[in-house]
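What the coordinates show
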Amino acid sequence: MSHSGGRDDDSRRLASLERDFGAFDVVTEEAVVPRPTYTDCLQAAEAGSLGGARVFLWRDGRVLLVRYRDQPSAWDLPGGPTERGESLPDTATGRVLEDVGVEPELTGVHRVLEQSFALVEGGDGVTGHWVFFDAAVGDGDVAPSDDVLEARWFDPAAPPEPVGPHVADRLDAA
C-alpha cells in the first residue's frame, strides 16, 4: 500500500480477495491533508500498514459493534490496520480475535474503501485500502480487550448513534 510501486501489490491483493470472496464494490475517497498527516500516511504506507480490515460480525441476525477507548463516542466494527506482509483476511480475523475474543468465519467482502491522501487536490498521494468483511460467529462469549470500552450485539434496523458512514450503509441494507 505505497504510493508508487505498491500499486501492483494493491491490485494483486484486491484480485486475491475477489478470487476468494467474489465481486465487491470499491469506493474511493480522496483527502487533502496537512503535511504532518501526509507524512504519517507515507510512513504507514512504507511500513505496510496504511489500510486494514473491519468486520461485520453477524450472529442470529444481529451485528456486533464496539466502542474503542481511543474513539469512545463512536460505534465501529471490530478490526484494525494491517501489518507488513499480513493478508487482509488475516488482518480481519486477527484483529477481531484480539479485540473481542471471537474467531470470525469470513463469508464475504462487503466493500473496499480506497483512501488516497495528498498535499494538494489532484496531486500525487499515498493510497491504502480498508476492507469491510462480512463474517459469521459461533455461540462463544465476546471478551473485549482493554482497547475496547464496550462491545454489544445490535439489531441492524436499530443501530446506536453515531456509527460511521460505511457501517450505516451496510446496516441499512441488512
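In this text, all values refer to a predicted model and were calculated from it rather than measured experimentally.

Counting 23 residues, the largest nonpolar core has Leu17, Val55, Leu57, Val100, Val109, Val131 and Phe133 as its most contacted members. Mapped onto this core, the elements with two or more residues apiece are α1 (6-21), β2 (51-59), β3 (62-68), α3 (88-100), β6 (105-118), β7 (125-136) and β8 (148-154). Tallying contributions element by element places α3 first for this core, with four residues. Of all hydrophobic cores here, the second largest spans 13 residues; its members include Trp58, Leu113, Trp130 and Val163.

Looking now at the pairing of β7. The element β7 is extensively covered by neighbouring structure, given that eleven of its twelve residues are classed as buried. Sheet topology places β2 next to β7; eight bridges connect them, and they run parallel. Looking across to β7, one finds that Arg54 is bridged to Phe132. The pairing of β6 with β7 spans twelve bridges and is antiparallel. Looking across to β7, one finds that Leu106 is bridged to Ala135.

Evaluated as defined, the whole model comprises four aromatic pairs. For the pair Phe56 and Trp58, a centre-to-centre distance of 6.4 Å together with 15° between the ring planes defines the contact as stacked. Here Phe56 and Trp58 have matching classes, each one buried. Between Trp75 and Phe154 the ring centres are 5.1 Å apart and the planes differ by 75°, which places this aromatic pair in the edge-to-face class. Of the two residues, Trp75 sits in strand β4 (residues 71-76) while Phe154 sits in strand β8, which places them 79 residues apart along the sequence.

Next up on the list: the side chain of Asp99. The topology assignment puts Asp99 in helix α3. Summary of buried charges: Asp99 has no salt-bridge partner, and the nearest side chain of opposite charge, Arg54, is 5.3 Å away. Each residue touching Asp99, except ones within four places of it in the same chain, is listed here: Tyr68, Gly79, Ala143, Pro144, Ser145 and Val148.

So, on to α3. Count 3.6 residues to each turn of an α-helix, and residues three or four apart come out pointing the same way. Over its 13 residues, α3 runs 18 Å from end to end, which matches the ideal 18 Å to within 8%, given 1.5 Å per residue. All buried positions along α3 are accounted for by Leu88, Pro89, Thr91, Ala92, Arg95, Val96, Asp99 and Val100. All buried residues of α3 fall inside an arc of 160° around its axis, so they share one side. One side-chain oxygen at the N-terminal end of α3 lies 3.1 Å from the backbone nitrogen of Asp90; it belongs to Ser87.

Before going further, it helps to spend a moment on the pattern of salt bridges. Considering all chains together, one arrives at eight salt bridges under this definition. A salt bridge links Arg95 to Glu83; the nearest nitrogen and oxygen atoms lie 3.3 Å apart. Of this pair, Arg95 sits in helix α3 while Glu83 sits in the loop between β5 (79-81) and α3, placing them twelve residues apart in sequence. By relative accessible area, which is 8% here, Arg95 ends up buried.

With respect to the helices and strands, the residue Arg59 is situated in strand β2. Within the structure, the side chain of Arg59 is placed 2.7 Å from the backbone oxygen of Gly140, a separation counted as a polar contact. Setting aside chain neighbours within four positions, we find Arg59 in contact with Val137, Gly138, Asp139, Gly140 and Trp153.

The subject of this paragraph is the pairing of β6. Taken across its 14 residues, β6 has eleven buried, putting it largely inside the fold. Taken together, the eight bridges between strand β1 (residues 25-32) and β6 define a ladder with parallel strand orientation. Bridge pairing in β6 places Glu29 opposite Gln115. Linking two consecutive strands that pair antiparallel, namely β6 and β7, is a turn of six residues; a positive phi of about 80° is found at Gly122 within it.

The rules behind the values
Residues numbered from 1 in each chain as written. Predicted model: local features only at pLDDT ≥ 70, side-chain atom pairs only at ≥ 80, totals over all residues. Heavy atoms only, no water. Core = buried A, V, L, I, M, F, W, Y, C linked by side-chain atoms within 4.5 Å. Buried < 20%, exposed > 50% of the residue type's maximum accessible area, 1.4 Å probe, protein only. Helix = DSSP H or I, 4+ residues; strand = E, 2+ residues; numbered from the N terminus. Pairing = 2+ DSSP bridges. Phe/Tyr/Trp six-rings, centres within 6.5 Å; stacked < 30°, edge-to-face > 60°. Lys, Arg positive; Asp, Glu negative; His and termini not counted. Salt bridge = Lys/Arg side-chain N within 4 Å of Asp/Glu carboxyl O. Contact = heavy atoms within 4.5 Å. Expected span 1.5 Å × (residues − 1). Arc of directions from axis to C-beta. Polar contact = N/O pair within 3.5 Å; in protein donor to acceptor, adjacent residues only side chain to side chain.

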